Amino acid sequence: MKPVVLAVPDLVSNSYFPAIAAVELGCFRAEGLDARTELIFPNYRAFEALRDGTVDFVAGPAHAALVACPRWQGLKLLGALAQGTFWLLVMRADLGATPGDVGAVRGRTIGAAPLVDLAFKHLLRESGIDLERDKVNVVGVQGMMEPGVSFGVAAARALESGRIDGFWANAMGAENAVRSGVGKIVLDVRRGLGPASAFHYTLSALMTSDLAIARDPDMVAAGLRAIVAAQRALTDDPGLAAEVGRRLFPAEEAAVISDIITRDVAFYDAHVSQAAVTGLNAFAQAAGLLDEPVAYDDLVATQFQEFWKAR
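No experiment lies behind these values; they were computed from the predicted model shown.

**As for the sheet that holds strand β6 (residues 109-112)**
Ordered in space as β7-β6-β8-β5-β9, the five strands form an open sheet in which the pairing is mixed. Whereas interior strands pair on both sides, the edge strands pair on one side only; in this sheet they are β7 (137-139) and β9 (183-187). Put simply, the sheet's adjacent strands are angled 30° from each other on average, direction ignored. Sheet analysis places strand β5 (residues 88-92) next to β9, joined by four bridges and oriented antiparallel. Paired with L89 across the strands is L187, a residue of β9. Its contacts with the sheet place helix α7 (residues 171-179) against β5, β8 (166-169) and β9, and it is angled at close to 135° to β9.

**Observations concerning the pairing of strand β1 (residues 2-8)**
For β1, the buried fraction is high: five of the seven residues fall into the buried class. Examined bridge by bridge, β1 and strand β2 (residues 33-39) share seven bridges and lie parallel to one another. Its bridge partner being in β2, V5 is matched across the sheet by R36. Examined bridge by bridge, β1 and strand β3 (residues 57-61) share two bridges and lie parallel to one another. Directly across from L6, in β3, lies its bridge partner F57.

**Section: the packing of helix α1 (residues 17-24) against helix α10 (residues 240-248)**
Closest axis-to-axis distance for the α1/α10 pair is 10 Å, and the angle between their directions is 80°. Considering their axes alone, α1 and α10 lie roughly perpendicular with respect to each other. Facing α1, whose interface residues are F17, I20, A21 and E24, α10 presents A241, V244, R247 and L248. Within the contact of α1 with α10, the residues separate by chemical class into six nonpolar, no polar and two charged.

**Some thoughts on helix α12 (residues 274-286)**
The end-to-end C-alpha separation of α12 is 18 Å, in line with the 18 Å expected for 13 residues at 1.5 Å each. Those residues of α12 not exposed but buried are A276, V277, G279, L280, N281, F283 and A284. Buried-residue contacts for α12 involve α4 (65-68), α5 (116-126) and α13 (296-299). Of the residues one or two after α12, G288 is the one with positive phi, at around 80°.

**Here we look at the nonpolar core**
Of all hydrophobic cores here, the largest spans 126 residues; its most connected members are F17, F28 and M207. It is helix α9 (residues 217-236) that contributes the most residues to this core, 10 residues altogether. Residues within four places of F17 in sequence aside, it is in contact with L234, A241, V244, F249, I257, I261 and Y268.

**Description of the side chain of D134**
Counting through the fold element by element, D134 comes out in the loop between α5 and β7. With relative accessibility at 13%, the residue D134 sits in the buried group. At a separation of 3.4 Å, a polar atom in the side chain of D134 contacts the side chain of R106. A distance of 2.8 Å separates a polar atom in the side chain of D134 from a polar atom in the side chain of R133.

**What about the environment of A241?**
Of note, A241 is situated in helix α10. For A241 and V256, which are 15 residues apart along the polypeptide, the C-alpha to C-alpha distance reads 9.3 Å.

**Quick word on the packing of aromatic side chains**
Under the counting rule described, the total for this entry stands at six aromatic pairs. Consider the rings of Y201 and F283, whose centres lie 5.2 Å apart with planes at 15°: the pair is stacked. Linking Y201 in the loop between β9 and β10 (204-209) with F283 in helix α12, this pair joins segments that are 82 residues apart in sequence. As far as the burial class goes, Y201 and F283 line up, both buried. Site record: aromatic cluster; members linked through ring pairs are Y16, F86 and W87. We note R190 situated over the ring of F267; from NZ or CZ to the ring centre the distance is 4.3 Å. Sitting over the face of the ring of F307, R225 holds its NZ or CZ atom 5.1 Å from the ring centroid.

Rules and cut-offs
- Just so you know, the residues in each chain are numbered from 1, in the order the chain's sequence is written.
- Local features in a predicted model are, by the rule used here, given only for residues with pLDDT of at least 70; side-chain atom pairs are given and counted only at 80 or more, and totals for whole chains, interfaces and linings are based on all residues.
- To obtain the side-chain values, all non-hydrogen atoms of the structure were included, while hydrogens and water were left out.
- Here the rule is simple: two strands pair whenever DSSP picks up at least two bridges between them.
- Every helix listed is a DSSP run of H or I at least four residues long, and every strand listed is a run of E at least two residues long, numbered separately from the N terminus.
- Here an axis means a line fitted to C-alpha atoms, over the contact stretch when the element is a helix, while the angle between two N-to-C directions is reported on a 0 to 180 degree scale.
- Should any heavy atoms of two residues lie within 4.5 Å, those residues are counted as being in contact.
- Residue exposure (1.4 Å probe, protein chains only): buried if accessible area is under 20% of the type maximum, exposed if over 50%, otherwise partly exposed.
- Should an angle fall under 35 degrees it is taken as roughly parallel, and over 145 as roughly antiparallel, whereas 65 to 115 is taken as roughly perpendicular and any remaining angle as oblique.
- Gly falls in the polar group here, along with every residue not listed as nonpolar (Ala, Val, Leu, Ile, Met, Phe, Trp, Tyr, Cys, Pro) or charged (Asp, Glu, Lys, Arg).
- Expected helix span is computed as 1.5 Å times (number of residues minus one).
- Here the nonpolar core consists of buried residues drawn from Ala, Val, Leu, Ile, Met, Phe, Trp, Tyr and Cys, with membership extended through side-chain atoms lying within 4.5 Å.
- In protein, a polar contact requires one atom able to donate a hydrogen and another able to accept it; more generally it is a pair of N or O atoms within 3.5 Å, and residues adjacent in sequence count only if both atoms are side-chain atoms.
- Only centres within 6.5 Å qualify two rings of Phe, Tyr or Trp (six-membered ring in Trp) as a pair; their planes then separate them into stacked at under 30 degrees, edge-to-face at over 60, and tilted for everything else.
- A ring is considered to have a charge above it if a Lys NZ or an Arg CZ atom is located within 6 Å of its centre and within 35 degrees of its normal.

As structure tokens, this is what we get:
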């Protein structure tokens, strides 16, 4: 077995779940890889570790890599863990916000993690919301930088305590807030709540380095196949998510992960489309992370695209 390290910036969530599941369900092992998951937060630090060669893969938001590697130089996108921008806006239920109403954020304090907040701010700008004029305060959440803390879970707690009016985070945090009765989903662009243009701001991606590809392309290919196998296994039986949750998550989150993944499997497709890269480029430029578009073949490791389909 060849040892490999997979970095994730958030463990107790659905955001990068196919990668976490690929380790826990033995998909990497089936490909001859002895994989372990390493939690590295904030997200850009995971990509710094990839750049520096201390990890072999990162499962994270594709745009965050630009902080570690300008123009994604030295890195390659291997495949999508899931299609589309995967964060949701949850508001306090007592505010009476209508699903899809971006204007509900006016005069409110919204929690969002570093770099994740860029997607939210761009969505607001594209929707005609001016942060200063409309008095929208986008903030971090207390405790979010502590080791092992899931931002979404921390945000749900902050919402319940009244420290924020809403949060932009993963579906795990959203599920906790909704089930407790404290929160209500207002934006979920993957499911048609919010501007359609926001779907391709970023994506949950599996990435590796050019050095890893040059050094061991068979290992890289095996890692991608493991991810695709996990996507297929979860699609066929979303209940497998509960098994992973029981191993890794606190009891409350372990109890709901299967329901969340049941909804998410509709987006489990490793293909990286031209539209996804075009949208990612446009968002990264608008967010000040990129000076000019990067060509599809310069970002995506197309030599491995044959493995995007499950065998």
